[in-house]
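Structural features, examined
Below, each chain spelled out in residue letters.
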Amino acid sequence: MGATLAVARRELTGYFATPVAYVFIVIFLVLSGAITFTLGGFFARNQADLQPFFNFVPWLFLFLVPAITMRLWAEERRLGTIELLLTLPIAQWQAVLGKFLAAWAFCAIALALTFPLWITVNVLGDPDNGVILTGYGGCLLVAGAYLAVGAALSALTKNQVIAFVLAVAVCFVFAAAGSPVVTEFLSQRIPALAEVARQFSVTERFAGFQRGVIALRDLVFFASFIAFWLFANAVAVDHRKAD
Amino acid sequence: MQCPHANVNPAPDGGVTQGDRAVPALIEIERLTKRFGSFTAVDDVSFTVDRGEVVGFLGPNGAGKSTTMKMLAGFVTPSAGTARVCGHDVTDEPVAVKRCLGYLPEGAPTYPEMTVAGFLGFVARVRGYRGGEARDRVARAMRLTALEGVRLQPIETLSKGFKRRVGLAQALLHDPPALVMDEPTDGLDPNQKHEVRELIRSMAPEKAIVISTHILEEVAAVCTRAVIIARGRVVVDATPRALEAPGMTLDEVFRELTLGPGGAREPELAATEAA
């Protein structure tokens, strides 16, 4: 565990040693704020909650999370430091987990910095803070799911652009799987797949948290989704480490 | 977390006599082979390195030096054969091997945005050192490689020689009984080369060291043995002195051994090249 945390700590410090962290956080805060108040109709709805914000977070993360993960392994490969990291006395899963935890902690920091929205809504009205809290928890799980996908794909290439594009594409599949467009299309043609697609949809699972419902099956889904992609990540690192 | 062999000194004179099988050599390479598709990068390489020995691993570019060292460090998985470091098998107990081994990868890769102290602190934590012990280890490694003056500088702002020394410091941090260094003096100026060779010489008595190089005078300067490989195969395993034929420089010997087919000059020591 110590080695895992050492890897995570190095990675997280690394974000803040370069402009990556600041650019990411500023863009995320500006976009989430702007979308909440314009497209989300924060004031027009006349309700004291953060639904306009939570509606858009999974779609914002779709583009922003792959921007964090694209460098995770691709950069190590390009610099050759992957050879250094993997010849230190740690198991491969520890390196994979450490990097994932760092990226996840970073997303948590970015999410926590949206607290002015929470203050605003509490000043203006009397929201259900329990629902808001589960909403934030759901956001974090969505970020974790995207991060696991992006990290695994980053391990396949030394080119960050390829890692980014692949991650956005794959995350989009899991984000859009539950959208009405996809489910209606599928239920007309291949009804059996419509339900499967809904089950695998990250946004569909997130909707429960957004309403303030923490369902065990949703937690299990996110946990196994993340575990599966981390496993794929470890396999990819092992298989392609020396290329 | 220290390697159990780290402080065991099997012979009071600091060296193990050849053929003393009671204590296995710190580094044992046994019929190690690596194939990439149809290309065989390392072909049936075997040699051992005892405590007190400095083996110069020589060969032209692409001969398989780096691949052999990567297999020894547990970064590349062998296609056949095996290697043991401090008695631990590289494929069965990779973490135990990595604990016993100091490894300097080719080009001495480091994280450019980290400071020297930050980077070495990271390596210390991953190696399981905490608090005061971690600080002592980092300080000692920086002293050995003369890095104290740049300890708070980001690595990317350092010169090539300093970067190489950061890589060396990382490999020496845990005072490993076995050291594998891929071109430790590559890109250094003559003074820095001299310092690195002095450092290797000073550590030699209590460690088993393998360095790869294509600078031949380095072999004469620091190595007790030279292993020359060409096209993935060992062509010579001898002392640097034995290599020098009367009236020939090491350069000429090296060319003869690695270029011509059947270039092995010392049949009793060499595995002859396939024609």
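What counts and what doesn't
Residues numbered from 1 in each chain as written. Chains lettered and ligands numbered in written order. Predicted model: local features only at pLDDT ≥ 70, side-chain atom pairs only at ≥ 80, totals over all residues. Helix = DSSP H or I, 4+ residues; strand = E, 2+ residues; numbered from the N terminus. Buried ≥ 20, exposed ≤ 12 C-beta atoms within 10 Å, placed from the backbone. Contact = placed C-beta atoms within 7 Å. Rg over C-alpha atoms; globule rule 2.2 N^0.38 Å. Pairing = 2+ DSSP bridges. UniProt positions renumbered as here; feature names shortened; annotations may be inferred. Nonpolar A, V, L, I, M, F, W, Y, C, P; charged D, E, K, R; others polar. Axes fitted to C-alpha atoms, helices over the stretch in contact; angles between N-to-C directions. Parallel < 35°, antiparallel > 145°, perpendicular 65-115°, else oblique. Left-handed = near helix turned anticlockwise from the far one by under 90°. pLDDT = per-residue confidence, 0-100.

Attention now goes to the overall build of chain B. Helix and strand counts for chain B stand at 9 helices and 10 strands. Evaluated residue by residue, chain B yields a buried proportion of 48% over its 275 residues. For chain B, contacts bridging at least 24 residues in sequence account for 66% of all contacts bridging at least 6.

For the rest of this paragraph, the subject is the overall build of chain A. Along its length, chain A carries 12 helices and 0 strands. Taken from the N to the C terminus, the helices and strands of chain A come in the order α-α-α-α-α-α-α-α-α-α-α-α. Taking 2.2 N^0.38 as the reference for a compact globule, 243 residues should give roughly 18 Å; the C-alpha atoms of chain A span a radius of gyration of 19 Å, in line with that estimate. Along the three orthogonal principal directions, the C-alpha set of chain A runs to about 55 × 45 × 30 Å. By the burial criterion, 43% of the 243 residues in chain A qualify as buried. Counting contacts in chain A only where the partners sit at least 6 residues apart, residues at least 24 apart contribute 79% of the total.

Okay, the sheet that holds strand S2 (residues 39-49) of chain B next. For sheets, the rule is that strands pair by backbone hydrogen bonds, running either parallel or antiparallel. Residue and element names in this part refer to chain B. A sheet is described by the order of its strands in space; here 4 strands give the open sequence S2-S1-S4-S5, paired in antiparallel fashion. Edge positions in the open sheet fall to S2 and strand S5 (88-89), since each of these has one partner strand only. With 5 bridges joining them, strand S1 (residues 27-36) and strand S4 (residues 80-85) adopt antiparallel strand pairing. Its bridge partner lying in S4, isoleucine 29 is registered against alanine 83.

Per the UniProt record, "domain: ABC-2 type transporter transmembrane" (unreviewed entry) is annotated on residues 53-187 of chain A. Between the C-alpha atoms that bound residues 53-187 of chain A there is a distance of 30 Å. The span itself is 85% helix and 0% strand.

Glancing now at the environment of Val161(A). Residues and elements named next belong to chain A. Relative to the elements of secondary structure, valine 161 occurs in helix H8 (residues 160-176). The exposure class assigned to valine 161 is exposed, which follows from the 10 C-beta atoms found within 10 Å. Note: C-alpha distance between valine 161 and methionine 70 (91 residues apart in sequence) is 7.4 Å.

As a further point, take the interface of chain B and chain A. Facing 22 residues of chain B, the contacting portion of chain A comprises 21 residues. Contributing elements (two or more residues each) for the side of chain B that touches chain A: helix H2 (94-100) and helix H3 (116-126) of chain B. Sorting elements by how many residues they give to the side of chain B that touches chain A places H3(B) first, with 4 residues. Considered class by class, the residues forming the side of chain B that touches chain A number 12 nonpolar, 4 polar and 6 charged.

Residue and element names in this part refer to chain B. A sheet is described by the order of its strands in space; here 6 strands give the open sequence S6-S7-S8-S3-S9-S10, paired in mixed fashion. Each having just a single partner strand, strand S6 (101-104) and strand S10 (233-238) make up the two edges of the open sheet. For this sheet, the mean angle separating the axes of adjacent strands, direction not counted, is 15°. As defined by bridge partners, strand S9 (residues 225-230) adjoins S10 across 5 bridges and the pair is classed as antiparallel. Residue pairing in the sheet places isoleucine 228 in a bridge with valine 236 of S10.

Let's shift gears to the pairing of S4(B). All names here are of chain B. For S4 and S5, the ladder comprises 2 bridges, and the chain directions are antiparallel. Bridge pairing in S5 places valine 85 opposite histidine 88. Linkage of S4 to S5, two consecutive antiparallel strands, is achieved through a turn of 2 residues, within which cysteine 86 is found at a positive phi near 55°.

This part is about unusual backbone geometry. All names here are of chain B. Although it is not a glycine, alanine 146 adopts a positive phi angle of roughly 55°. Mapping alanine 146 onto the fold places it in the loop between helix H4 (131-144) and helix H5 (160-172). A residue is classified by how many C-beta atoms lie within 10 Å of it, and alanine 146, with 14 of them, is partly exposed. Unusually for a residue other than glycine, glutamate 183 sits at a positive phi of about 50°. Topologically, glutamate 183 is positioned in the loop between strand S7 (178-182) and helix H6 (190-203).

Residue and element names in this part refer to chain A. Between helix H7 (residues 129-154) and helix H11 (residues 202-210), the least distance of the axes is 8 Å, while the angle of their chain directions is 160°. The angle between the axes of H7 and H11 places the two elements in the roughly antiparallel class. The handedness of the crossing between H7 and H11 comes out as right-handed. Taken together, the residues of H11 that come into contact with H7 (itself represented by Thr134, Gly135, Gly137, Gly138, Val142 and Ala145) are Val202, Phe206, Phe209 and Gln210. Split into classes, the residues belonging to the contact of H7 with H11 amount to 5 nonpolar, 5 polar and no charged.

For the rest of this paragraph, the subject is the environment of Ala3(A). For Ala3(A), the location among the structural elements is in helix H1 (residues 2-17). C-beta crowding within 10 Å serves as the criterion here: with 21 such atoms nearby, Ala3(A) is assigned to the buried category. Expressed as a C-alpha distance, the spacing of Ala3(A) and Ala95(A), which sit 92 residues apart in the sequence, is 8.2 Å. Setting aside residues up to four positions removed in sequence, Ala3(A) forms contacts with Ile90(A), Gln94(A) and Val126(B).

We now examine the confidence of the model for chain B. When pLDDT is low, close inspection of the predicted coordinates is not appropriate. Residue and element names in this part refer to chain B. Residues at a pLDDT of 70 or more form 85% of chain B, whose mean pLDDT is 83. Predicted confidence is poor over residues 5-21, with pLDDT under 50, and the contacts of this stretch with residues over four places away or in other chains come to 21 contacts. Every residue in residues 262-275 scores below 50 in pLDDT, and together they form 31 contacts with partners more than four places removed in sequence or on other chains. For this predicted complex, the interface confidence comes out at an ipTM of 0.86, alongside a pTM of 0.86.

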